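Here is what each chain is made of, one letter per residue.
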Amino acid sequence: MTPGLTCLPGWGVSARVWDPLQSRLAGRLDVQALDLPGHGGREARVVGLNNWTDDLVERMTGPGVLLGWSLGGLVCLNAARRHPDRVRGLILVGCLPRFVRGGDWSWGMKPSALAETRRGLAADFASTLQEFLMLQVLAEPGARHLVRQLRNELLARPPGLPGLEAGLDLLHEADLRPALAGLDLPVLAVAGERDRMAHPDAMAWMVDQLPRAQLWRVARAAHAPFLSHEREFADRVASFVADLAPATEGAT
(Lines give C-alpha, C1' and ligand atoms only; values in the text may rest on other atoms or scores of the structure.)
Protein backbone atom coordinates (compact mmCIF):
# COMPACT_ATOMS: atom_id res chain seq x y z
CA MET A 1 0.00 0.00 0.00
CA THR A 2 1.35 3.41 -0.99
CA PRO A 3 1.64 5.73 2.03
CA GLY A 4 -0.40 8.91 2.11
CA LEU A 5 1.07 12.34 1.52
CA THR A 6 0.52 15.29 3.87
CA CYS A 7 1.52 18.73 2.56
CA LEU A 8 2.36 21.79 4.63
CA PRO A 9 2.78 25.27 3.08
CA GLY A 10 5.23 28.03 3.89
CA TRP A 11 4.96 31.26 5.84
CA GLY A 12 2.13 33.57 4.81
CA VAL A 13 0.14 31.26 2.53
CA SER A 14 -2.61 28.71 3.06
CA ALA A 15 -2.85 25.05 2.12
CA ARG A 16 -4.58 26.09 -1.10
CA VAL A 17 -1.13 26.64 -2.55
CA TRP A 18 -1.08 22.85 -2.97
CA ASP A 19 -4.24 22.76 -5.12
CA PRO A 20 -2.32 22.33 -8.41
CA LEU A 21 -0.26 19.48 -6.95
CA GLN A 22 -3.35 17.76 -5.56
CA SER A 23 -5.00 17.96 -8.98
CA ARG A 24 -1.99 16.41 -10.69
CA LEU A 25 -1.69 13.64 -8.11
CA ALA A 26 -5.41 12.79 -8.13
CA GLY A 27 -5.82 9.06 -8.65
CA ARG A 28 -2.16 8.40 -7.86
CA LEU A 29 -1.77 9.45 -4.22
CA ASP A 30 -3.98 10.17 -1.24
CA VAL A 31 -3.03 13.80 -0.56
CA GLN A 32 -3.91 15.85 2.53
CA ALA A 33 -3.04 19.56 2.65
CA LEU A 34 -2.97 21.25 6.05
CA ASP A 35 -2.66 24.87 7.15
CA LEU A 36 -0.10 26.20 9.58
CA PRO A 37 -1.43 27.69 12.83
CA GLY A 38 -2.72 31.21 12.20
CA HIS A 39 -2.92 30.59 8.44
CA GLY A 40 -5.78 29.68 6.13
CA GLY A 41 -8.44 30.84 8.58
CA ARG A 42 -7.00 28.90 11.53
CA GLU A 43 -6.43 30.58 14.88
CA ALA A 44 -2.87 30.85 16.18
CA ARG A 45 -3.56 28.90 19.36
CA VAL A 46 -0.09 27.36 19.67
CA VAL A 47 3.40 28.86 19.51
CA GLY A 48 6.83 27.30 19.32
CA LEU A 49 8.29 24.77 16.89
CA ASN A 50 7.46 21.69 18.96
CA ASN A 51 3.86 22.81 19.44
CA TRP A 52 3.45 23.53 15.72
CA THR A 53 4.94 20.11 15.03
CA ASP A 54 2.59 18.31 17.41
CA ASP A 55 -0.33 20.21 15.87
CA LEU A 56 0.67 18.86 12.44
CA VAL A 57 1.01 15.27 13.60
CA GLU A 58 -2.30 15.34 15.47
CA ARG A 59 -4.09 16.41 12.28
CA MET A 60 -2.51 13.81 10.00
CA THR A 61 -4.91 11.08 8.93
CA GLY A 62 -2.24 8.47 9.60
CA PRO A 63 1.46 7.65 9.25
CA GLY A 64 2.81 8.70 5.88
CA VAL A 65 5.09 11.00 3.92
CA LEU A 66 5.37 14.68 4.84
CA LEU A 67 5.93 17.33 2.19
CA GLY A 68 6.88 20.74 3.52
CA TRP A 69 7.73 23.99 1.79
CA SER A 70 10.08 26.51 3.43
CA LEU A 71 8.79 27.10 6.99
CA GLY A 72 6.45 24.13 6.51
CA GLY A 73 9.49 22.02 5.68
CA LEU A 74 11.12 23.03 8.94
CA VAL A 75 8.03 21.82 10.81
CA CYS A 76 8.05 18.54 8.84
CA LEU A 77 11.75 18.05 9.54
CA ASN A 78 11.06 18.47 13.24
CA ALA A 79 8.15 16.02 12.99
CA ALA A 80 10.54 13.34 11.74
CA ARG A 81 12.73 14.03 14.77
CA ARG A 82 9.91 14.24 17.28
CA HIS A 83 7.49 11.60 15.91
CA PRO A 84 9.54 9.07 13.91
CA ASP A 85 6.76 6.47 14.14
CA ARG A 86 4.43 8.76 12.19
CA VAL A 87 6.74 9.84 9.37
CA ARG A 88 7.63 7.36 6.60
CA GLY A 89 9.55 9.85 4.50
CA LEU A 90 10.19 13.55 3.93
CA ILE A 91 10.01 15.83 0.90
CA LEU A 92 11.60 19.17 1.77
CA VAL A 93 11.14 22.04 -0.70
CA GLY A 94 13.15 25.23 -0.33
CA CYS A 95 13.89 24.24 3.25
CA LEU A 96 16.92 24.70 5.49
CA PRO A 97 17.59 23.30 8.97
CA ARG A 98 18.35 26.88 9.97
CA PHE A 99 16.91 29.86 8.08
CA VAL A 100 18.93 32.69 9.63
CA ARG A 101 22.63 33.42 9.19
CA GLY A 102 24.89 33.66 12.17
CA GLY A 103 27.92 32.12 13.82
CA ASP A 104 29.07 29.12 11.81
CA TRP A 105 26.12 29.31 9.37
CA SER A 106 26.53 31.61 6.37
CA TRP A 107 23.35 30.65 4.50
CA GLY A 108 19.79 31.81 4.91
CA MET A 109 18.39 35.24 5.67
CA LYS A 110 20.06 38.03 7.59
CA PRO A 111 18.50 38.63 11.02
CA SER A 112 17.93 42.23 9.97
CA ALA A 113 15.76 41.06 7.05
CA LEU A 114 13.45 39.18 9.41
CA ALA A 115 13.28 42.19 11.71
CA GLU A 116 12.38 44.40 8.77
CA THR A 117 9.63 41.99 7.74
CA ARG A 118 8.22 42.07 11.26
CA ARG A 119 8.17 45.88 11.25
CA GLY A 120 6.58 45.89 7.81
CA LEU A 121 3.71 43.68 8.97
CA ALA A 122 2.78 46.24 11.58
CA ALA A 123 3.08 49.19 9.20
CA ASP A 124 1.69 47.81 5.93
CA PHE A 125 0.43 44.25 6.25
CA ALA A 126 -0.65 43.63 2.64
CA SER A 127 2.37 45.21 0.92
CA THR A 128 4.84 43.35 3.14
CA LEU A 129 3.27 40.00 2.34
CA GLN A 130 3.20 40.73 -1.38
CA GLU A 131 6.88 41.74 -1.35
CA PHE A 132 7.71 38.52 0.46
CA LEU A 133 5.82 36.52 -2.17
CA MET A 134 7.73 38.26 -4.95
CA LEU A 135 11.05 37.22 -3.39
CA GLN A 136 9.95 33.59 -3.40
CA VAL A 137 9.43 33.35 -7.17
CA LEU A 138 11.85 36.02 -8.40
CA ALA A 139 13.99 34.77 -11.31
CA GLU A 140 11.62 31.89 -12.09
CA PRO A 141 10.07 31.57 -15.55
CA GLY A 142 6.58 33.09 -15.47
CA ALA A 143 7.31 34.95 -12.23
CA ARG A 144 4.61 37.54 -12.85
CA HIS A 145 1.96 34.85 -13.25
CA LEU A 146 3.20 33.03 -10.15
CA VAL A 147 3.07 36.19 -8.04
CA ARG A 148 -0.49 36.83 -9.23
CA GLN A 149 -1.41 33.23 -8.37
CA LEU A 150 0.05 33.50 -4.87
CA ARG A 151 -1.48 36.94 -4.31
CA ASN A 152 -4.95 35.73 -5.27
CA GLU A 153 -4.58 32.79 -2.93
CA LEU A 154 -3.40 35.13 -0.19
CA LEU A 155 -6.35 37.48 -0.61
CA ALA A 156 -8.80 34.57 -0.57
CA ARG A 157 -7.57 33.28 2.81
CA PRO A 158 -5.40 35.95 4.45
CA PRO A 159 -3.30 34.85 7.42
CA GLY A 160 -3.65 36.45 10.83
CA LEU A 161 -0.95 38.66 12.28
CA PRO A 162 -0.38 36.44 15.38
CA GLY A 163 0.30 33.41 13.18
CA LEU A 164 2.66 35.38 10.96
CA GLU A 165 4.60 36.70 13.93
CA ALA A 166 4.81 33.23 15.47
CA GLY A 167 6.13 31.91 12.16
CA LEU A 168 8.80 34.61 12.04
CA ASP A 169 9.83 33.57 15.55
CA LEU A 170 10.33 29.99 14.33
CA LEU A 171 12.37 31.12 11.35
CA HIS A 172 14.55 33.23 13.63
CA GLU A 173 15.07 30.72 16.43
CA ALA A 174 14.96 27.19 15.00
CA ASP A 175 18.18 25.28 14.36
CA LEU A 176 17.76 21.60 13.51
CA ARG A 177 21.28 21.00 12.25
CA PRO A 178 22.24 18.86 15.27
CA ALA A 179 19.29 16.52 14.61
CA LEU A 180 20.02 15.76 10.95
CA ALA A 181 22.42 12.83 11.42
CA GLY A 182 19.85 10.97 13.53
CA LEU A 183 16.99 11.16 11.00
CA ASP A 184 17.25 7.72 9.41
CA LEU A 185 14.43 7.87 6.88
CA PRO A 186 14.15 8.53 3.12
CA VAL A 187 14.34 12.24 2.27
CA LEU A 188 13.92 14.05 -1.04
CA ALA A 189 15.26 17.61 -0.89
CA VAL A 190 14.05 19.85 -3.72
CA ALA A 191 16.20 22.91 -4.37
CA GLY A 192 15.56 25.62 -6.93
CA GLU A 193 18.81 26.57 -8.66
CA ARG A 194 17.81 30.25 -8.38
CA ASP A 195 16.45 30.12 -4.83
CA ARG A 196 17.52 33.21 -2.90
CA MET A 197 15.93 32.12 0.40
CA ALA A 198 17.11 28.50 0.68
CA HIS A 199 20.32 28.36 -1.33
CA PRO A 200 20.78 25.07 -3.20
CA ASP A 201 24.30 24.69 -1.80
CA ALA A 202 22.88 24.93 1.72
CA MET A 203 20.33 22.26 0.88
CA ALA A 204 23.15 20.11 -0.55
CA TRP A 205 24.96 20.47 2.79
CA MET A 206 21.79 19.35 4.58
CA VAL A 207 21.47 16.31 2.31
CA ASP A 208 25.07 15.33 3.12
CA GLN A 209 24.22 15.29 6.84
CA LEU A 210 21.09 13.15 6.43
CA PRO A 211 21.68 9.37 6.29
CA ARG A 212 19.24 8.57 3.45
CA ALA A 213 18.67 11.75 1.50
CA GLN A 214 18.79 12.71 -2.16
CA LEU A 215 18.93 16.17 -3.71
CA TRP A 216 16.98 17.32 -6.74
CA ARG A 217 18.26 20.64 -8.10
CA VAL A 218 15.55 22.12 -10.29
CA ALA A 219 16.99 24.16 -13.14
CA ARG A 220 15.52 27.64 -13.69
CA ALA A 221 13.46 27.34 -10.49
CA ALA A 222 13.53 29.66 -7.47
CA HIS A 223 11.80 29.13 -4.11
CA ALA A 224 8.56 27.57 -5.41
CA PRO A 225 9.45 24.83 -7.93
CA PHE A 226 6.15 23.07 -7.28
CA LEU A 227 4.44 26.04 -8.97
CA SER A 228 6.96 26.84 -11.72
CA HIS A 229 7.55 23.17 -12.62
CA GLU A 230 4.18 21.63 -11.76
CA ARG A 231 4.28 18.50 -13.91
CA GLU A 232 7.90 17.57 -13.18
CA PHE A 233 7.41 18.18 -9.48
CA ALA A 234 4.25 16.07 -9.27
CA ASP A 235 5.89 13.20 -11.14
CA ARG A 236 8.95 13.27 -8.90
CA VAL A 237 6.82 13.32 -5.75
CA ALA A 238 4.67 10.43 -6.97
CA SER A 239 7.77 8.39 -7.80
CA PHE A 240 9.39 9.07 -4.41
CA VAL A 241 6.28 8.09 -2.48
CA ALA A 242 5.66 4.99 -4.62
CA ASP A 243 9.21 3.78 -3.97
CA LEU A 244 8.43 3.76 -0.24
CA ALA A 245 5.48 1.40 -0.66
CA PRO A 246 7.41 -1.92 -0.45
CA ALA A 247 9.20 -0.84 2.73
CA THR A 248 5.93 0.35 4.22
CA GLU A 249 4.20 -2.93 3.40
CA GLY A 250 7.07 -4.90 4.92
CA ALA A 251 6.72 -2.92 8.13
CA THR A 252 2.99 -3.62 8.54
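This structure is a prediction, so every number in the text was calculated from the model and none was measured.

Conventions adopted
Residues numbered from 1 in each chain as written. Predicted model: local features only at pLDDT ≥ 70, side-chain atom pairs only at ≥ 80, totals over all residues. Heavy atoms only, no water. Axes fitted to C-alpha atoms, helices over the stretch in contact; angles between N-to-C directions. Helix = DSSP H or I, 4+ residues; strand = E, 2+ residues; numbered from the N terminus. Parallel < 35°, antiparallel > 145°, perpendicular 65-115°, else oblique. Contact = heavy atoms within 4.5 Å. Nonpolar A, V, L, I, M, F, W, Y, C, P; charged D, E, K, R; others polar. Pairing = 2+ DSSP bridges. Core = buried A, V, L, I, M, F, W, Y, C linked by side-chain atoms within 4.5 Å. Buried < 20%, exposed > 50% of the residue type's maximum accessible area, 1.4 Å probe, protein only. Salt bridge = Lys/Arg side-chain N within 4 Å of Asp/Glu carboxyl O.

Pulling in residues and values, what's your account of the packing of helix H4 (residues 111–123) against helix H7 (residues 161–173)?
As a packed pair, H4 and H7 sit with axes 11 Å apart at the nearest point and diverge in direction by 175°. Regarding the angle of H4 to H7, the classification is roughly antiparallel. Side by side, H4 and H7 meet where Leu 114, Thr 117, Arg 118 and Leu 121 of the first sit next to Leu 161, Leu 164, Glu 165, Leu 168, Asp 169, Leu 171 and His 172 of the second. A per-class count over the contact of H4 with H7 returns six nonpolar, two polar and three charged.

Tell me what's going on with the environment of Arg 118, and back it up with residues and numbers.
Turning to its location among the elements, Arg 118 is positioned in helix H4. For the pair Arg 118 and Asp 169, spaced 51 residues apart in the sequence, the C-alpha separation amounts to 9.7 Å. Every residue in contact with Arg 118, bar those within four places of it in the chain, is listed here: Glu 165, Leu 168 and Asp 169.

Let's hear about the sheet that holds strand S2 (residues 31–33): which residues, and what values?
One open sheet holds the six strands; their spatial order is S2-S1-S3-S4-S5-S6, and the pairing between them is parallel. At either end of the open sheet lies a strand with only one pairing partner, and these are S2 and strand S6 (213–218). Strand after strand, the sheet turns through a mean of 20° between neighbouring axes, direction not considered. Bridge analysis of strand S1 (residues 4–8) against strand S3 (residues 64–69) gives five bridges, and the strand direction is parallel. Along S3, the bridge assignment pairs Thr 6 with Leu 66. Together, S1, S3 and strand S4 (87–93) form the strand contacts of helix H3 (residues 71–82), whose direction differs from that of S3 by roughly 145°.

Requested: an account of the nonpolar core, with residues and values cited.
Counting 50 residues, the largest nonpolar core has Trp 11, Leu 56, Leu 66, Leu 71, Leu 90 and Leu 92 as its most contacted members. Broken down by secondary-structure element, the contributors of at least two residues to this core are helix H2 (49–59), H3, S4, H4, helix H5 (125–137), H7, strand S5 (187–192) and helix H8 (200–209). With seven residues, H3 is the single largest residue contributor to this core. Membership of the second largest hydrophobic core comes to 29 residues, among which are Leu 29, Ile 91, Phe 226 and Val 241.

I'd like to hear about unusual backbone geometry, residue by residue, with values.
Non-glycine residue Ser 70 carries a positive phi angle of around 55°. Locating Ser 70 in the fold gives a position in the loop between S3 and H3. Its relative accessible area of 8% is what places Ser 70 among the buried residues. With a phi angle near 65°, Arg 220 is a residue other than glycine that sits in the positive phi range. If you trace the backbone, Arg 220 turns up in the loop between S6 and helix H9 (225–228).

Explain the pattern of salt bridges to me, using residue names and the numbers behind them.
It is possible for side chains of opposite charge to pair when their charged atoms get near one another. Applying the stated rule across the entire model yields 13 salt bridges. Between Arg 98 and Asp 175 there is a salt bridge, with the nearest N and O atoms lying 3.8 Å from each other. Taken together, the positions of Arg 98 in the loop between S4 and H4 and Asp 175 in the loop between H7 and S5 put the pair 77 residues apart, joining distant regions of the chain. For Arg 177, the salt bridge is made with Asp 104, and the minimal N-O distance between the two is 3.1 Å. Of this pair, Arg 177 sits in the loop between H7 and S5 while Asp 104 sits in the loop between S4 and H4, and the two are 73 residues apart along the sequence. With relative accessibility at 66%, the residue Asp 104 sits in the exposed group. When salt bridges that share partners are traced, they join Arg 98, Asp 104, Asp 175 and Arg 177 into one network.

Note that all results are geometric; they support no functional claim without further evidence.
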